[in-house]
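Examining the three-dimensional arrangement
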Amino acid sequence: MIDQLINIVSYGCIVVGLVFWLWGTWPLVGPRSVLYKLHTLSVADTLGSVAIVVGLLLKIPSEWPLLIMALIALAIWNTILGYVLAYCSTEEPND
Amino acid sequence: MNWILGPMLLILLIPIYESFQDEDIWQKMLAFASVSTKTSIMILVISVLRDDWMIGVVGVLVLSVGNASLMLLAQVLKRVNE
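Residues numbered from 1 in each chain as written. Chains lettered and ligands numbered in written order. Predicted model: local features only at pLDDT ≥ 70, side-chain atom pairs only at ≥ 80, totals over all residues. Heavy atoms only, no water.

**Quick look at the overall build of chain A**
As a reminder of what qualifies: A run of H or I in DSSP counts as a helix once it spans at least four residues, and a run of E counts as a strand once it spans at least two, with each numbered from the N terminus. The globule rule is 2.2 Å times the number of residues to the power 0.38, and the radius of gyration it is compared with is taken over C-alpha atoms. Remark: exposure states derive from per-residue accessible area (1.4 Å probe, protein chains only) relative to the maximum for the residue type, with buried under 20%, exposed over 50%, and partly exposed in between. We call two residues contacting when some pair of their heavy atoms lies within 4.5 Å.
Within chain A, the secondary structure is distributed over 3 helices and 0 strands. Relative to the compact-globule value of 12 Å for 95 residues, chain A shows a C-alpha radius of gyration of 17 Å, a clear excess of over 25%. Considered along the principal axes of its C-alpha atoms, chain A spans approximately 65 × 30 × 15 Å. Across the 95 residues that make up chain A, the buried fraction comes to 43%. By sequence separation, contacts in chain A at least 24 residues apart represent 61% of the contacts at least 6 residues apart.

**What about the nonpolar core?**
Across soluble globular proteins, nonpolar side chains show a tendency to be buried alongside one another. Going by this rule: For this analysis, a nonpolar core means a set of buried residues of the types Ala, Val, Leu, Ile, Met, Phe, Trp, Tyr and Cys, connected via side-chain atoms within 4.5 Å.
Of all hydrophobic cores here, the largest spans 26 residues; its most connected members are Leu18(A), Trp21(A), Met8(B), Ile41(B) and Leu44(B). Elements represented by at least two residues in this core include exactly helix H1 (2–25), helix H2 (34–59) and helix H3 (64–89) of chain A together with helix H1 (5–21), helix H2 (25–50) and helix H3 (53–81) of chain B. The next biggest cluster of nonpolar side chains, apart from the first, holds 17 residues, and it includes Leu28(A), Val84(A), Met71(B) and Leu77(B).

**With respect to the interface of chain B and chain A**
Filter applied, for reference: Here the quantity called buried area is the total loss of accessible area, with a 1.4 Å probe, experienced by two parts when brought into contact, counted for both. For this analysis, a salt bridge means a side-chain nitrogen from Lys or Arg found within 4 Å of a carboxyl oxygen belonging to Asp or Glu. In protein, a polar contact requires one atom able to donate a hydrogen and another able to accept it; more generally it is a pair of N or O atoms within 3.5 Å, and residues adjacent in sequence count only if both atoms are side-chain atoms. In this classification, Asp, Glu, Lys and Arg are treated as charged, Ala, Val, Leu, Ile, Met, Phe, Trp, Tyr, Cys and Pro as nonpolar, and every other residue, Gly included, as polar.
Between chain B and chain A, the residue contacts involve 43 residues of the former and 43 residues of the latter. For the pairing of chain B and chain A, the buried interface totals around 3,800 Å² over both sides, and the portion due to carbon and sulfur atoms is 80%. Linking chain B with chain A are 2 salt bridges. Here Asp45(A) and Lys38(B) are joined by a salt bridge, their closest N and O atoms 2.6 Å apart. At the junction of chain B and chain A, the tally comes to 7 residue pairs in polar contact (both at pLDDT 80 or more). Of all the secondary structure elements, the ones that give two or more residues to the side of chain B that touches chain A are H1, H2 and H3 of chain B. Looking at which element gives the most residues to the side of chain B that touches chain A, the answer is H2(B), with 15 residues. For the side of chain B that touches chain A, the residue count by class is 27 nonpolar, 9 polar and 7 charged.

**Some points on H1(A)**
Since there are 3.6 residues in each turn of an α-helix, residues three or four apart along the chain are aligned in direction. Applicable threshold: Expected span of a helix: the number of residues minus one, times 1.5 Å.
With 24 residues, H1(A) extends 34 Å from end C-alpha to end C-alpha; this agrees with the ideal 34 Å at 1.5 Å per step. Buried residues along H1(A) sit against H2 of chain A together with H1 and H2 of chain B.

**Thoughts on unusual backbone geometry**
Positive phi is not limited to glycine here, since Asp51(B) has a value of about 55°. Within the secondary structure, Asp51(B) is located in the loop between H2 and H3.

**Brief notes about the packing of H2(A) against H2(B)**
How we decide: Lines fitted to the C-alpha atoms define the axes, with helices restricted to the stretch that makes contact. Angles between their N-to-C directions range from 0 to 180 degrees. In these notes the angle categories are as follows: under 35 degrees is roughly parallel, over 145 is roughly antiparallel, 65 to 115 is roughly perpendicular, and the rest is oblique.
Running from amino to carboxyl end, H2(A) crosses H2(B) at an angle of 5°, the nearest separation of the two axes being 11 Å. Put simply, H2(A) runs roughly parallel to H2(B). Residues Val34(A), Lys37(A), Leu38(A), Leu41(A), Asp45(A), Ser49(A), Ile52(A), Val53(A) and Leu56(A) of H2(A) form the contact with H2(B), whose own contacting residues are Trp26(B), Gln27(B), Leu30(B), Ala33(B), Ser34(B), Thr37(B), Lys38(B), Ile41(B), Leu44(B), Val45(B) and Val48(B). Each residue belonging to the contact of H2(A) with H2(B) can be placed in one class, and the counts come to 13 nonpolar, 4 polar and 3 charged.

**Quick look at the pattern of salt bridges**
Going through the model one piece at a time under the given rule, you end up with 2 salt bridges over all chains. Between Lys37(A) and Glu18(B) there is a salt bridge, with the nearest N and O atoms lying 3.7 Å from each other. A residue pair is termed interchain when its members come from two chains, as with Lys37(A) in helix H2 and Glu18(B) in helix H1. Here the two residues Lys37(A) and Glu18(B) agree in accessibility, since each one is buried.

Everything listed here is a matter of coordinates, which is why it stays silent on function.
Below, the structure is given as structure tokens:
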């Protein structure tokens, strides 16, 4: 019973992650501004990827060190990359 | 669990298409950042499916080094545009 529950929750996490991926990546093709796309993209890539990795963690707990490292790397690097891209892409007014 | 890779590949095509159809350099950088994160997650999924840690470590390295190099590139582009 518990195994079935864990299976359902892990597949649920993976599907939620894929939906986040699609939701966040879709506006990339549209004509919106860089910052708008960056927002949806960072939500999709960070949260979606974290949901997928948590789904994997529930499915195969034997690889937990690797997946925890991936979660930490994801949370740190994606956030900082989003900040750096936002900072670099906005034109600063000349004083 | 192999069914996960199909939709992942399809979703990965969106930023790849965006990167060659858009002229603005920052839109291209967004697309490449998205491609780098998504491919590293796909490498992780494959490593868990094959139960092979070495592929997983490569996935985490691609995630970290890929994003770090994109940050450096963004800084260089900012200096060049000034």
